[in-house]
Amino acid sequence: MIGARRSLLCARGIFAGVSARTQVPRLFKNSSKLNIRVSAYSTKTVPLTADTYSDKVKRDDRFKQLEDSDIEFFHSVLQDPHGVITGEEDIEFYNEDWMRKYKGQSKLVLRPKTTEQISQIVKYCNEQKLAVVPQGGNTGLVGGSIPVFDEIIISLAGMNKIRSFDSVSGILKCDAGLILENADNALSEEGYIFPLDLGAKGSCHVGGNVATNAGGLRLLKYGSLHGSVLGLEAVLPDGTIYNSMNSLRKDNTGYDLKQLFIGSEGTLGLITGVSILCPSRPQVVNIAFLAVSSYEAVQKVFVGARRELSEILSAFEFMDDKSQLLTARHLNADHPIESGEYPFYVLIETSGSNKEHDDEKLEGFLERAMEDGLVDDGIIAQDETQLQSLWSWRESIPEASTIGGGVYKYDVSLPLSDLYGLVDAASAKLKEANLVGIDDDSKPVVEAIGYGHIGDGNLHLNVAVREYSKEIESVLEPFVYEWIQSKNGSISAEHGLGFQKKNYIGYSKNDIEIRLMKDLKKHYDPNGIMNPYKYI
Ligand code: FAD
Ligand code: MLT
Ligand code: ZN
């Protein structure tokens, strides 16, 4: 079988199987469909976070309750009836998270249009001791973007303009509320690319990306936002406007203050503007989707890909068979290779500028990987439709994980050799607790799946469930965090800590690190109004 396929490699038909089967419509890329949430599958009402986690969190009585006079003040600042949202139904979207796991009780959403308005609002809230939650596209996966009690939601959705783009330097300056996909589409017209891409691009904001220090699918090539963000504009809890949008590539004059806001998850201030260095858009992109028979082989394929594809390797993603079976159910489509037939799948993307060179490199690499017995089967996309379709088998996993009703998500950094061990350990733990089983339709009731950004040492462990329950959660937590700590990993590689991991930061940071963080928080936000009840 492998031999027959190998012979096809040189002809760039590559692995038999590039067929109509791969022509599944892409879900998220270049679309805004992400607003279709888990609610499409589950009509159950989301319980209030304050009730579900009453043992973990109590309302802080230092915070004032909202009064009519406050709402009047906000109207006077915003001068826009659509900028002040108080209707219960209209607020629902802002009060519930994407996973439908967390629900807040905010009575007020503000949608300012300028940094100056945000400054006035925040200054007032600080003086009045009104707690606030900054919110971007609300696609966060740790409950950080929604209130826990009655905090006021400040949505950045109204601040969505590109401020400038310099086509010589590649520097984009934009409002924080610009949707990532819109930023990338605009850059595309100039021959540039946004240095971050992720499945939620149709909904998440550039400011939200910076606030979470999102990693995404191409960190391997373009690096972290800590490197590509050149400057920020942010409103501090007392209303001060911090501005470092001048965007120099090199500036060694003292502390690099913008770094404090990158990954701060809305706890230090509201990011209102972002200046970011964007690379040239690659002219040639190739995708290979491979079947691999062991996790050891996945690692070896990665080492080989990094060595042989070097500068053109732009993504190396892996998926286990369980994630692909779920995705096939979710997409209602046949897997491009055959989900369930192989234990692991790998998606390799190359990005470059010379088609002949890149094609040759990828084909040569795959040929050797097959000869070495590392790759059992695979597909190379032959056109843009196939390319988009193959990506959808990776990018749809987050949504597919929720189709049963809910999902417990863990996004972790681990040494590569230990990475998949966490999925096995979680599965064994759930089995030991008698939580796994098959329903009448032969579908698992509780199932641990694994996928992620191998190139970054980042695993996503998802435990797909029928409904959220204390019983399942207590089996998984703190077990998962303890396991990660025992391997010197991090309990958050990219999604952050938010509400979900508020009590678990100690598994990845030592006492001194936590003390320094608390000192900073106290210094900039002495009244604690900025995204309270979360990790700090
Ligand atoms: P929100 O969810 O609104 O907010 C997230 C946090 O940032 C909150 O704590 C909020 O208070 C704070 N915040 C938001 N905007 C601001 C602001 N302007 N100023 C200050 N604080 C702010 N994440 C990854 O890292 N990699 C992925 O590959 C990835 N893929 C995803 C795929 C799907 C399908 C989904 C649903 C999510 C994915 N995520 C991923 C998680 C999420 O999309 C990212 O965390 C994203 O960066 C959040 O942006 P947002 O605008 O939706 O922020
Ligand atoms: C991903 O890599 O798909 C994202 O981080 C989202 C997720 O894990 O659900
Ligand atoms: Zn991810």
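Residues numbered from 1 in each chain as written. Chains lettered and ligands numbered in written order. Predicted model: local features only at pLDDT ≥ 70, side-chain atom pairs only at ≥ 80, totals over all residues. Heavy atoms only, no water.

- Where an unreviewed UniProt entry is consulted, the protein chain appears under the name D-2-hydroxyglutarate dehydrogenase, mitochondrial, with the organism given as Debaryomyces hansenii.
- Of the comments in the UniProt record for the protein chain, the one headed Function (unreviewed entry) reads "Catalyzes the oxidation of D-2-hydroxyglutarate (D-2-HG) to alpha-ketoglutarate. Also catalyzes the oxidation of other D-2-hydroxyacids, such as D-malate (D-MAL) and D-lactate (D-LAC). Exhibits high activities towards D-2-HG and D-MAL but a very weak activity towards D-LAC."
- Of the protein chain, the UniProt comment under Cofactor (unreviewed entry) reads exactly: "FAD". (UniProt positions renumbered as here; feature names shortened; annotations may be inferred.)

### Overview of the side chain of D184
1) Next: Mapped onto the elements of the fold, D184 is located in helix α6 (residues 180-189).
2) Next: There is a polar contact of 3.0 Å between the side chain of D184 and the side chain of R281.
3) Next: Sequence-distant contacts of D184, that is, excluding residues within four places in its chain, are made with I193, F194, K201 and R281. (Helix = DSSP H or I, 4+ residues; strand = E, 2+ residues; numbered from the N terminus. Polar contact = N/O pair within 3.5 Å; in protein donor to acceptor, adjacent residues only side chain to side chain. Contact = heavy atoms within 4.5 Å.)

### A word on the sheet that holds strand β1 (residues 84-85)
Pairing between the strands of a sheet comes from backbone hydrogen bonds, and it takes one of two forms, parallel or antiparallel.
1) Next: What the four strands build is an open sheet, ordered β1-β2-β4-β3; its pairing is mixed. Of all strands in the sheet, those with a lone pairing partner are β1 and β3 (132-135), marking the two edges.
2) Next: As paired strands, β1 and strand β2 (residues 109-110) are joined by two bridges and run antiparallel to one another. Residue pairing across strands places I85 opposite V109, the latter belonging to β2. (Pairing = 2+ DSSP bridges.)

### Topic: the UniProt feature "domain: FAD-binding PCMH-type" (unreviewed entry) in the protein chain
1) Next: UniProt records the feature "domain: FAD-binding PCMH-type" (unreviewed entry) for residues 102-281 in the present numbering.
2) Next: Between the end C-alpha atoms of residues 102-281 the distance is 38 Å, and the span holds 24% helix and 21% strand.

### With respect to helix α11 (residues 295-309)
1) Next: With 15 residues, α11 should cover 21 Å at 1.5 Å per step; its first-to-last C-alpha distance of 20 Å lies within 8% of that length.
2) Next: For α11, the elements touching its buried residues are α8 (219-222), β10 (284-292), β11 (313-320), β12 (344-352) and α13 (355-371).
3) Next: Following α11 by one or two positions, S310 adopts a phi angle in the positive range, close to 25°. (Expected span 1.5 Å × (residues − 1).)

### Digging into the pairing of strand β16 (residues 458-465)
1) Next: Burial analysis of β16 places eight of its eight residues in the buried class, which makes it a mostly covered element.
2) Next: Of the two faces of β16, both are covered, the one formed by N458, H460, N462 and A464 as well as the one formed by L459, L461, V463 and V465.
3) Next: Across eight bridges, the pairing between strand β14 (residues 406-413) and β16 is antiparallel. Bridge pairing links Y408 to V463 in β16. (Buried < 20%, exposed > 50% of the residue type's maximum accessible area, 1.4 Å probe, protein only.)

### A look at the site of ligand 1
1) Next: Neighbouring ligand 1 are 34 residues, the closest being P134, G136, G137, T139 and G140.
2) Next: Take T139: an N or O atom from its side chain is 2.7 Å from an oxygen atom of ligand 1.
3) Next: G216 places a polar main-chain atom, nitrogen or oxygen, 3.2 Å from a nitrogen atom of ligand 1.
4) Next: In the complex, the protein chains occlude 98% of the 970 Å² of accessible area that ligand 1 would expose alone.
5) Next: Looking at the shell around ligand 1, the elements with two or more residues in it are β3, α7 (206-212) and β9 (270-277).
6) Next: In terms of residues, the shell around ligand 1 owes the most to one element, α7, which gives four residues.
7) Next: Taken together, the residues of the shell around ligand 1 break down into 13 nonpolar, 19 polar and two charged. (Near = heavy atom within 4 Å. Areas by Shrake-Rupley, 256 points an atom, 1.4 Å probe, with all protein chains shown as cover. Nonpolar A, V, L, I, M, F, W, Y, C, P; charged D, E, K, R; others polar.)

### Let's talk about the site of ligand 2
1) Next: Every residue close to ligand 2 is listed here: L141, R394, P398, K409, Y451, H453, H460, E494 and H495.
2) Next: At a separation of 3.0 Å, an oxygen atom of ligand 2 approaches a polar side-chain atom of H453.
3) Next: In the model, an oxygen atom of ligand 2 is placed 3.0 Å from a nitrogen or oxygen of the H460 side chain.
4) Next: When ligand 2 is considered free in solution it has 260 Å² of accessible area, and contact with the protein chains removes 85% of it.
5) Next: Broken down by class, the residue content of the shell around ligand 2 amounts to three nonpolar, three polar and three charged.

### Looking at the pattern of salt bridges
1) Next: Summed over all chains, the structure comprises 22 salt bridges.
2) Next: The salt bridge involving R62 is made with D60; its shortest N-O contact spans 2.8 Å.
3) Next: Residues E349 and R218 are paired through a salt bridge, measuring 2.6 Å at the closest nitrogen-oxygen approach. A residue pair is termed long-range when its members are at least 10 positions apart, and E349 in strand β12 and R218 in the loop between α7 and α8 qualify at 131 residues.
4) Next: Here R218 falls in the buried class, since its relative accessible area comes to 11%. (Salt bridge = Lys/Arg side-chain N within 4 Å of Asp/Glu carboxyl O.)

### Comments concerning the domain arrangement of the protein chain
1) Next: Looking at the protein chain, the domain boundaries give domain 1 (59-155), domain 2 (162-277), domain 3 (284-398) and domain 4 (402-495).
2) Next: With centres defined by C-alpha atoms, the gap from domain 1 to domain 4 works out at 32 Å.
3) Next: Each partner contributes residues to the interface: domain 1 has six residues there, and domain 4 has seven residues.
4) Next: Both faces considered, domain 1 and domain 4 share a buried interface measuring about 580 Å² in area, 69% of it formed by carbon and sulfur atoms.
5) Next: On the domain 1 side of the contact with domain 4, M99, K101 and L141 bury the most area, a combined 73% of that side's loss.
6) Next: Between domain 1 and domain 4 we count zero salt bridges in total.
7) Next: At the surface where domain 1 touches domain 4, the tally comes to one residue pair in polar contact (both at pLDDT 80 or more).
8) Next: Partitioned by chemical class, the residues of the side of domain 1 that touches domain 4 number four nonpolar, no polar and two charged. (Domains from an automatic or database assignment. Buried area = accessible area lost by both parts, 1.4 Å probe.)

### A word on the sheet that holds strand β15 (residues 447-453)
1) Next: With respect to topology, seven strands assemble into an open sheet ordered β13-β10-β12-β11-β15-β16-β14, the strand pairing being antiparallel. Only two strands of the sheet have a single partner each, and these edge strands are β13 (377-380) and β14. Between one strand axis and the next, the sheet turns through 15° on average, direction left out of account.
2) Next: Pairing of β11 with β12, which is carried by seven bridges, proceeds in the antiparallel orientation. When the sheet's bridge partners are listed, E317 is paired in β12 with L347. (Axes fitted to C-alpha atoms, helices over the stretch in contact; angles between N-to-C directions.)

### A short note on α13
1) Next: Given a rise of 1.5 Å per residue, 17 residues ought to cover 24 Å, and the 24 Å separating the end C-alpha atoms of α13 matches this to within 8%.
2) Next: Along α13, the positions that sit buried rather than exposed are D358, D359, L362, E363, G364, F365, L366, A369 and M370.
3) Next: In the stretch just after α13, G373 is the one whose phi turns positive, near 75°.

### A closer look at unusual backbone geometry
1) Next: That bond from E477 to P478 is cis: its omega, 10°, falls within 30 degrees of zero.
2) Next: Within the secondary structure, P478 sits in the loop between α17 (470-476) and α18 (479-486).
3) Next: One non-glycine residue with positive phi stands out, namely E265, at about 55°.
4) Next: Of note, E265 is situated in the loop between α10 (258-261) and β9.
5) Next: For S310, which is not glycine, the phi torsion reads 25° and is therefore positive.
6) Next: On the secondary structure map, S310 appears in the loop between α11 and β11.
7) Next: What makes S310 partly exposed here is its relative accessible area of 37%.

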